Each structure stands twice: as structure tokens, then as C-alpha cells.
Amino acid sequence: MSLESAFGDDPAFVPYLAAGDPSIEASKAYVEALDRGGADVIELGLPFSEPIAEGPTIQAAVVRALQAGMTPPRYLEFVRDLNVETPLVCMTYYNLIYQYRDESDRGGPDAFVHAAADAGVEGFVVPDLPVEEADPMRAACDDAGVDLVSIVAPTTGDDRLERLLAISSGYVYVQARLGVTGAKDDVSGRTAETLARLREYDTTLPKAVGFGIRTGDHAERIVGAGADGVIVGSALVDIVAKGAETEKPTDAVAEQLADLARELKAGALQGRMAVEPERK
Amino acid sequence: MSFKTRRSAGDGKFGEYGGQYVPEVLMPALEELTDAYERYVLSNEDGFMDELRERLRDFGGRPTPLGRADRLSERYDTEVYLKREDLLHGGAHKLNNALGQVLLAKYMGKERIVAETGAGQHGTATAMAAAHLDMPCEVYMGRTDINRQRPNVFRMRLNGAEVNPVTVGRGTLKEAISETMRDWAMTVENTHYVIGSVVGPHPFPSMVREFHAVISREARQQFDEQVGGLPDAVLACAGGGSNTMGTFDAFLDDDSVSLYAVEAGGSGLGVNDETGVAPNSASLSTGTDGVLHGARTKILQDPDGQIVESHSVSAGLDYAGVGPQLAHLVDTGRVSPVNVDDNAALAGFHRLSNTEGVIPALETAHAFGFIEENHEDLGDRVVVNVSGRGDKDLETVIEETASHDIENAPDMDVFERMGGL
């Protein structure tokens, strides 16, 4: 699968931005800046009005993107127009997928997943779709040949972990801490604990850690604890927010995004070298 | 088909509705809660239900009376009976659920309570229950609702609860629920989320219904003892649907009893495509199948699936979703979804106040708006649940009555005779 292979020998850098934040034009430029900054997979948010898993930073991004007119059909156009080589993962909430109707009036997960796959999306993360409710989405993704990434939380017990790993594809999203998305100033000790538990399972799926990673130093420590990749959202969205007063993309924001991307990627590499010194 | 075949927790599905659409971080807590619900609530383990019944009696004032509304009965030539949940401690039915869930949290060993509130009735009930059972409590409340329900904010503070304003969006119940879910995702290991209605992920819709079912169990028995037999129709207002399900539950298998869920028609039905706002809260009457706050149910949404802002003169009905079991009961035809607009609700408020001596909550007033317009179709004997009292709504009623030109409202010229307001 292409998503899994995006996690190569080096640890992967997986940035998140909300599509359409702060405008469709600027957002396109910023996603492309992350591509240049070395992203291995890009999680591209399709904004939903009730983002219950998001902290204040991404909530604000979602509001800006909705105000800029982002909708599911425009999201598919947006993905089609992007000039990036990096595999794209659609991150959104289930109601938007469930309500989608294509031109032939086919509806639901099947229609949306196929339309998104046609546009170039290679996988999905759906934070409000636990394994209990995931069957229709899983079937649609299998049928369209794209991945459905499961989220593992610090509260996930062993019985649930097994079920999650059984239906996850592409990678596993390891939620580093309790709570919602948001840039914190430390790295949760529970990440290492979750990664250690995951190592006991027979899975080849790469483990990407997100929630609260904002610096190269964080990325280094997370990869040092055994992660195959780092997912960074709010720290990048903070930069986008600084340029949000204008609809036009600004070079300053694009440069800062690419700079932070490079810092995070370098940090992740440092972390890997600490674990595998022979690879120097 | 029997509706009573649902006493086990099951999988939380009501037909196609219900389920558990929440982040993975909360799923283990929902599993733990489902287990606790089955053991303590459904099986009375450790005498949980016995203790709850005692506390509802001694602290809450249960049972609440069922009484005949003499003037309304005469006006409509129909026997009208009022189930007086407004007389429950706190002034609304909400304590049935709040006390049940806070007690359950104690049995589960949780150390902290969070809750959302719209009108503030659930927040005050939870704050009261938490003070009564000595649990720390934080309540999330939208900024719009804080402004229009000030007395309830003071009551929560008086009972020792923290009130956290929610400023995103329009600042009503929808945003408050989202924000409480976010708190819970952070604190889930030591905190219980006391959800205020029959909404949200399984087991909340079943569990909250079970705590409120005492309303209809009492009413059914009281009606039989006082009047004989069964009523022809049972009415309850419906926002999220907690008093509705509580009022209907014991009557679900009585085929001769018509059940009417009265929603807020606001200032008009449907969704305004230009503003993207629904000037109503009529999810059962006009909503469509979707997923909101952890459950699949009928919701107010735009064609893309974005949740739209709802509206009602009554803060407690102002919500874009409704309990999944009610959505199912509407689809199967067991419950009739009806609605009345803000004007009819305000007129209903004044009618009950000045003819029966009962000042109802604006939520409840919708049911009295409906009976005024439809009493000829309701049969000979009608029970209406007075879900709450209206003291909290007086400021709103004074303002809205003036702007809506309600003909049966009292003249407030006493202030002018005193020399102005």
C-alpha cells in the first residue's frame, strides 16, 4: 500500500493542515510549502462544524476554512488542484462522509471514498468513527483501494488494541496524550508506554504519533521512544493563523511552515539515530 | 411489536439510530459506563436503585403529583391532567437523571463531574446533585445561554459548581456539549460526564431514559388510581428529548395511548439556505438522518452535513439534534412529532399561568401551545407533562411578550402606576 510505503527507512513527518484555512488559495500554497519542507504524508482536514476531537487552535482553523467556503465537493477539487507528490490523507468527521452524494446520487461512505480516491486521496482518518461503527467505511476503503487509519489512545486497552490493529491500514495513529489536539510544551510519558505495548503485537503497520508535538526536540524524543513517524498539526496551524488576516498566501507564512517542517523532520532523524546509531 | 424488549443495554441501536460515534479515547469509558449501567441501574447491584429511589423521595420530593387542570379541561371540553415535574426539587424533571448519574459516578469510583447545560436546568440539577453527594462539579454553558438564563447561573454557583462559558459558535447547547466532550476526553480516567438528555453515544440515551422513566411509571399508575384506565393522549415537549422519553416510556406498549412530542417551531420551519440557520429546533419534525455528538439520529443540517444553528425562544429546546430512540419511535409511527412556534408557546405560557396558577417553563409551554390548537383531535383524556417551572424564564418572557404582542398576556402597567420601571 502506498501509505505504508511512505514510511520508509527514515522516520516520517506527517503534517496536518485544514483545507481552506484561511482561504482556498492560501491553503493550497501552504500545503505545497509543507510538501517542499519534506512531508512524507500530509493529513488534510475537511472542516466539520462540530470538531469534537480538536482543541482551540484547530477549531479556529476549521471556522476560518468554513468561512472561506470549504465544502466536501470543493475539498475534492482542492485535492485535485494540489501540486504535491506526497500521499494525502483526508481527516474529517463521519457526518460529512455519511451525507455525501455524488453526481449519480450515490450516497454515503462508498460514494465519498470513491470520489476522494479519484481526486487523489490515499487514506482516511475519522476521529469520531471507532471500530464499533467502522464497518461501512472499512468496506468502502477496501473497495476503493485506499487506507483507513485507526487511532489508538492512551486509554485503549489490550482487547480494543487488537481489534483496532485488525482493521487499521496505512499506519496507526498513536494519540500521545489524553484530551484533544493542541500544541503542548512537553512530551507525554504515556507515548513511550503506548509504543511499548504496540511492539508486543504482530503488526507491520508503521506507528505515527500525534497530539502535542510542536518542536524538533519533541519529534526527536518521540522517535527515540520508537515511533515510525510524527504527526504535527496545531503547531503548523498556529503559523497559518498568523497570516490569516489576508486571503492571499504570504511568503512569510509559507517559509515559516517549511522551516518548522525541516526542523521537525531533522528532529525525527536525530531521534532515529539515537535508537539505531549504526545508521550514521 | 413490543417496545419493552429493550431492558438490556444491548448495542445501543434503535433501528438504524444510536451507536457510538466518538473518539477512541472515550470508548473505554463508554464500555465501563455500559457495564456500570447494566449492573447498578438494570440489575440494582449493591442496592443502587434502592438508594436512588430513597434519595429521589427524601431529597427530590418524589413522587410528583398528577392533578386535573380544571379551567383547561373546561376550555377544551377534554379532561386535562398535569404531571407536575415542575414540583421536583430544582423546578424541573432534570434531577431524576442528574441524581441518578452523579450517584452512579460515585458507585463507579469517579472523583469529578462535568456536565453541559442549555437552559441551565440540567446544570442546576447536576450542581445540586453534586453538592448533595459531595462531588466536585464543572458545568459548560454557552455564552448566549448564560445571558438569557442568568438566575440558573447563580444557582449553579451557589451550589458550588464551576460554570465555564463556551464562546465558540452561537454559544448554545450544541457548543456546550462539544466542549464538555473535549473536557471529558482529557479527564476521562477520573471524571464522569453527566449528559443532560437522551442524546450522545450509547449507553447515555438508554440510561438517561431509564432514569426519567419514573415520570411515566408514576403518571400511568396515578391516572389509573385517580381517573381509571389509561389516558387517550400523552403530551411532552421535545428538545433533546429527556422529559419526552421519560413521559412516554411506560406508555409505549399501550397502543390506545397516542404520544405527541411537541417541538419548538421557533419563528419558522426548515433551514434558511441563505443564512444557513434553522429558525427552529424541530429535529423530529424536519431533521434528517445524520451523526451528531456520538449518535446517529435526526439532526438539523445543511446538504453537506454541516450542523446548522437552531433557534427557539426556549433555551432548553434550542438544539440541532434529538435522542436516537425518539427518532426511531417517530419513524415507526409510535410517536407523533408536532411543533408550535414561539408565539403559540408564549401564549401557552400565559394561559397556564393565569388560568391554572402554574407558571411553566418555556419548554413546557410548547405543549400547552399545541393543546390549544389541537385539543379536538386528542381524545377525551389527556396527560401533559409539566417538565419544569418558569421562574428562570421570566426575564425572557417579559421581553418576548412585548415584542410578540401576545394577546392573553397580563398588562404590566403596575410599574407605570408606580412611576415608571
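Residues numbered from 1 in each chain as written. Chains lettered and ligands numbered in written order. Predicted model: local features only at pLDDT ≥ 70, side-chain atom pairs only at ≥ 80, totals over all residues. Heavy atoms only, no water.

## Remarks on the pattern of salt bridges
According to the stated counting rule, one finds 52 salt bridges over all chains in the structure shown. Residue D142 of chain A is joined to R138 of chain A by a salt bridge in which the shortest nitrogen-to-oxygen separation is 2.8 Å. In this pair, D142 of chain A and R138 of chain A both sit in helix α7 (residues 135–144), four residues apart, roughly one turn of the helix. Overall, R138 of chain A belongs to the buried group, its relative accessible area being 13%. A network of salt bridges, in which partner residues are shared, links E132, R160 and R163 of chain A together with E24 and E31 of chain B. (Salt bridge = Lys/Arg side-chain N within 4 Å of Asp/Glu carboxyl O. Helix = DSSP H or I, 4+ residues; strand = E, 2+ residues; numbered from the N terminus. Buried < 20%, exposed > 50% of the residue type's maximum accessible area, 1.4 Å probe, protein only.)

## So, the environment of G321 of chain B
Residues and elements named next belong to chain B. Within the element layout of this structure, G321 appears in the loop between β12 (295–299) and α13 (324–331). Taking the C-alpha atoms as reference points, G321 and L284, 37 residues apart in sequence, are found 8.2 Å from one another. Dropping the residues within four chain positions of it, G321 is found in contact with G239, G240, S283, L292, K298 and I299. (Contact = heavy atoms within 4.5 Å.)

## What to know about the side chain of T117 of chain B
All names here are of chain B. Structurally, T117 can be placed in strand β5 (residues 112–117). A polar contact of 3.1 Å, which involves the side chain of T117, links it to the backbone nitrogen of G120. Apart from the residues lying within four places of it in its own chain, the contact partners of T117 are H122, G123, V139, Y140, M141, G142, D145, M156, L173 and A176. (Polar contact = N/O pair within 3.5 Å; in protein donor to acceptor, adjacent residues only side chain to side chain.)

## A short note on the nonpolar core
In this structure, F124, M137 and Y171 of chain A are the most contacted members of the largest nonpolar core, which totals 188 residues. At eight residues, the largest contribution of residues to this core is made by helix α1 (residues 27–42) of chain B. Inspection of this core shows a minimum of three residues originating in each of domain 1 (24–59 + 95–195) and domain 2 (66–90 + 213–403) of chain B. Core analysis: the second largest hydrophobic core is formed by 22 residues, A233, V338, L352 and F370 of chain B among them. (Core = buried A, V, L, I, M, F, W, Y, C linked by side-chain atoms within 4.5 Å. Domains from an automatic or database assignment.)

## As for the confidence of the model for chain B
When pLDDT is averaged across chain B, the result is 93; 97% of the residues are at 70 or more. Two summary scores accompany this predicted model of the complex, namely pTM at 0.95 and ipTM at 0.95. (pLDDT = per-residue confidence, 0-100.)

## Some words on the sheet that holds strand β6 (residues 137–142) of chain B
In a beta sheet, neighbouring strands are held together by backbone hydrogen bonds and run either parallel or antiparallel to one another. All names here are of chain B. Ordered by their spatial adjacency, four strands build an open sheet running β7-β6-β5-β8, and the pairing between neighbours is parallel. Taken across any chain shown, the strands that pair with only one partner, and hence form the sheet edges, are β7 (162–166) and β8 (191–193). Each neighbouring strand pair of the sheet contributes to a mean axis angle of 25°, computed without reference to strand direction. By the bridge criterion, five bridges tie β5 to β6 in an arrangement that is parallel. The residue of β6 that forms the bridge with T117 is M141. On top of the sheet, helix α5 (residues 121–132) reaches β5 and β6; it is set at about 160° to β5, its chief contact. (Pairing = 2+ DSSP bridges. Axes fitted to C-alpha atoms, helices over the stretch in contact; angles between N-to-C directions.)

## Examining empty space enclosed by the protein
Residues and elements named next belong to chain B. Under the defined criterion, the tally for this structure stands at nine cavities of 30 Å³ or more. Of the voids in this model, the largest cavity is the one considered here, and its volume is about 350 Å³. With three residues, helix α11 (residues 242–248) is the largest single contributor of residues to the lining of the largest cavity. Grouping the constituent residues of the lining of the largest cavity by class yields ten nonpolar, 16 polar and four charged. Each of domain 1 (24–59 + 95–195) and domain 2 (66–90 + 213–403) accounts for three or more of the residues forming the lining of the largest cavity. (1 Å grid on protein atoms, 1.4 Å probe; cavity = no way out; pocket = protein on both sides within 12 Å on 5 of 7 lines; lining within 4 Å. Points joined across faces, edges and corners; volume = space filled by probe spheres on them. Nonpolar A, V, L, I, M, F, W, Y, C, P; charged D, E, K, R; others polar.)

## Remarks on the layout of surface pockets
Each pocket or cavity is described by its volume, and for the largest pocket that value is around 790 Å³. In this structure, the largest pocket is lined by 32 residues; those nearest its centre are S49 and L66 of chain A together with Q306, I307 and E309 of chain B. Of the residues forming the lining of the largest pocket, the biggest block, six residues, is contributed by helix α3 (residues 56–67) of chain A. For the lining of the largest pocket, the domains that each give at least three residues are domain 1 (24–59 + 95–195) and domain 2 (66–90 + 213–403) of chain B.

## A look at the interface of chain A and chain B
If you look at the interface, chain A gives 37 residues, while chain B gives 34 residues. Three residues, E50, I52 and E133 of chain A, lead the burial of chain A against chain B; their summed loss comes to 22% of the area buried on that side. Linking chain A with chain B are five salt bridges, by the criterion used here. In this structure, the salt-bridge partner of K174 of chain B is E50 of chain A, at a minimum N-O distance of 2.4 Å. Inspection of the chain A/chain B interface yields 24 residue pairs in polar contact (both at pLDDT 80 or more). Of all elements in the fold, only α3, α4 (72–81), α5 (94–99) and α8 (158–167) of chain A reach the threshold of two or more residues within the side of chain A that touches chain B. Looking at which element gives the most residues to the side of chain A that touches chain B, the answer is α5 of chain A, with five residues. (Buried area = accessible area lost by both parts, 1.4 Å probe.)

## Section: the sheet that holds strand β7 (residues 207–210) of chain A
Residues and elements named next belong to chain A. Spatial ordering of the closed barrel is given by β1-β2-β3-β4-β5-β6-β7-β8, a layout of eight strands whose pairing is parallel. On average, each strand axis in the sheet is tilted by 25° relative to the strand beside it, whichever way the strands run. Against the sheet, α7 makes contact with β4 (121–125) and β5 (147–152), and its axis sits at roughly 140° relative to β5, the strand it touches most. Relative to the sheet, helix α9 (residues 190–199) contacts β5, β6 (172–175) and β7, its axis offset from that of β7 by approximately 165°.

## Focus on the packing of aromatic side chains
The relation between two aromatic rings is expressed through the spacing of the ring centres and the mutual angle of the planes. Residue and element names in this part refer to chain A. In this structure the tally under the stated criterion is 16 aromatic pairs over all chains. An angle of 25° between the planes, with centres 5.8 Å apart, marks the rings of Y94 and Y98 as stacked. With a gap of four residues between them, Y94 and Y98 both fall in helix α5, about one helical turn apart. Each of the two residues, Y94 as well as Y98, counts as buried. (Phe/Tyr/Trp six-rings, centres within 6.5 Å; stacked < 30°, edge-to-face > 60°.)

## What about α13 of chain B?
Residue and element names in this part refer to chain B. The buried fraction of α13 amounts to seven of the eight residues, a majority that puts the element mostly inside the structure. Burial in α13 covers these residues: P324, Q325, L326, A327, H328, L329 and V330. Just beyond α13, the residue with positive phi is G333, at close to 90°.

## Regarding the packing of helix α2 (residues 48–60) of chain B against helix α4 (residues 95–107) of chain B
Residues and elements named next belong to chain B. The geometry of α2 relative to α4 is characterised by a closest axis approach of 10 Å and an angle of 135° between their N-to-C directions. Between α2 and α4, the interaxial angle falls into the category oblique. Every pair of crossing elements has a handedness; the one defined by α2 and α4 is right-handed. For the pair α2 and α4, the contacting residues are F48, E51, L52, R55, L56, F59 and G60 in the first and L95, N96, L99, G100, L103, L104 and Y107 in the second. Considering only residue class, the contact of α2 with α4 consists of nine nonpolar, three polar and two charged. (Parallel < 35°, antiparallel > 145°, perpendicular 65-115°, else oblique. Left-handed = near helix turned anticlockwise from the far one by under 90°.)

## Brief notes about the domain arrangement of chain B
Residues and elements named next belong to chain B. Per the domain assignment, the segments of chain B are domain 1 (24–59 + 95–195) and domain 2 (66–90 + 213–403). Centre-to-centre separation of domain 1 and domain 2, based on C-alpha positions: 23 Å. Here domain 1 meets domain 2 over a buried area of about 1900 Å², counting both sides, of which 53% is carbon and sulfur. Inspection of the domain 1/domain 2 interface yields two salt bridges. D318 is the partner of R148 in a salt bridge, and the nearest nitrogen-oxygen pair spans 2.9 Å. On inspection of domain 1 and its partner domain 2, the count reaches six residue pairs in polar contact (both at pLDDT 80 or more).

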